[in-house]
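Structural description and commentary
Given next are the chains, with one letter for each unit.
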Amino acid sequence: MVTLADVAQHAGVSASTVSYVLSGKRSISASTRERVERSIEQLGYHPNAGARALASSRSNIIALMIPLRTDMYVPVMMEIAIAVATTARAHGYDVLLLTGEEGPAAVRRIEGSALADAMILMDVELDDDRLPLLREAVRPGVLIGLPADTTGLSCVDLDFQAAGALCAEHLAALGHREIAVIGEAAAVYERHTGFAERTLAGLRDRSHELGLRLLHRPCEGSYAAVSATLARVYDERPGTTAFVVQNEAATDPLLALLRQQGRAVPEDVSVVAICPDQVAAHASVPLTSVAVPAQKMGQYAVQQVVAKLEGRGTDEVVLLAPELTVRESTGPRAVLVPGDPRS
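A brief look at the structure comes next. Remember, it's a predicted structure, so these values are computed and weren't measured experimentally.

Here we come to the environment of D149. Assignment of secondary structure puts D149 in the loop between β4 (141–144) and β5 (155–158). Judged by relative accessible area, which is 41%, D149 ranks as partly exposed. A sequence separation of 23 residues divides D149 from L126, and the C-alpha atoms of the two residues are 7.7 Å apart. When sequence neighbours within four positions are dropped, the list of residues in contact with D149 reads L126 and R135. Only 2.7 Å separates the side chain of D149 from the side chain of T151, close enough to count as a polar contact.

What follows is the structure, encoded as structure tokens:
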């Protein structure tokens, strides 16, 4: 194993000079720094992580707070987490996952210890009780999500309000006037989770502007729950000709149930989903969808927090513009004749 002393001998400098190049604690001439860095690369030297942490008062770890709740679609959360981990590693950081529903206690734990140098928070609510502590924290933090008040915060998210509006516009252009929204589980709205609330706001506002009738029903992702929700929708709004689905687990049950009822997609009813591309593309009917850019969200969050750690970051809100991809699940509104059993 190559040691710091080996690097010093190879570069023709003292061991302390190599240490200063690694820690950045003292100014080193450019020529000496280049010589040391060249020796490090040629010898394949990897500093001991524990020793570096002690020397620099840094752990080189970013804490990722990702509460794994039963009412959330875990694959999307983990896709974001993987993007955070791989991007952090590229910047020389490892990631500590905090998966419990600790709330403010998790922020206090990171802020009051040497576990991590910075925090990234997911599953952000509009009035998230972690935010007052994050605003006062010495350790920098970034949100993957958008609260109601972004003052003094750095955030990155899909512009879910624009995504909701985009779905309404697409269906209106196809002639649909009665639209039902199959939403997340009720608990997601009870917590006022930002992405769900903002999507619904965008759908409602744009539907009102376009003269559409909109019905929203929260839904668990199970087959039984989707079946009950679909029956309720057609009982309350029998003229519904299009669905917007913001619940990845509900997409396959919904398509199966529509097929069982003799409602062809898209000839009789259109379906738009807000979900990852792989979910939309591999559905039994490839779904027209607005993608959730999990990779970009994770990458931007790490870039923001690393910039803060390096003293060059500022508080900013990055909203990624939604993109709608038309596949096989949307088409012109069907005109049903009187007596049709689907009407």
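Once that is clear, we can look at helix α6 (residues 104–111). Along α6, the residues that are buried comprise P104, A106, V107 and I110. Projected down its long axis, α6 carries its buried residues within an arc of 160°, all on one side. Where α6 is buried, its residues meet β1 (61–65), β2 (94–98), β3 (118–121) and α7 (131–136).

So, on to the sheet that holds β3. Taken in spatial order, the 6 strands make up an open sheet running β2-β1-β3-β4-β5-β11, and their pairing is parallel. Looking at which strands have only one partner, the edges of the open sheet turn out to be β2 and β11 (317–320). Within the sheet, the average angular offset between the axes of one strand and its neighbour, ignoring direction, is 20°. The pairing of β5 with β11 spans 4 bridges and is classified as parallel. For D157, the partnering residue across the bridge sits in β11 and is L319. Across the face of the sheet, helix α5 (residues 74–90) comes into contact with β1, β2, β3 and β4 while running at roughly 150° to β2.

The rules behind these values
- Residues numbered from 1 in each chain as written.
- Predicted model: local features only at pLDDT ≥ 70, side-chain atom pairs only at ≥ 80, totals over all residues.
- Heavy atoms only, no water.
- Helix = DSSP H or I, 4+ residues; strand = E, 2+ residues; numbered from the N terminus.
- Buried < 20%, exposed > 50% of the residue type's maximum accessible area, 1.4 Å probe, protein only.
- Contact = heavy atoms within 4.5 Å.
- Polar contact = N/O pair within 3.5 Å; in protein donor to acceptor, adjacent residues only side chain to side chain.
- Arc of directions from axis to C-beta.
- Pairing = 2+ DSSP bridges.
- Axes fitted to C-alpha atoms, helices over the stretch in contact; angles between N-to-C directions.

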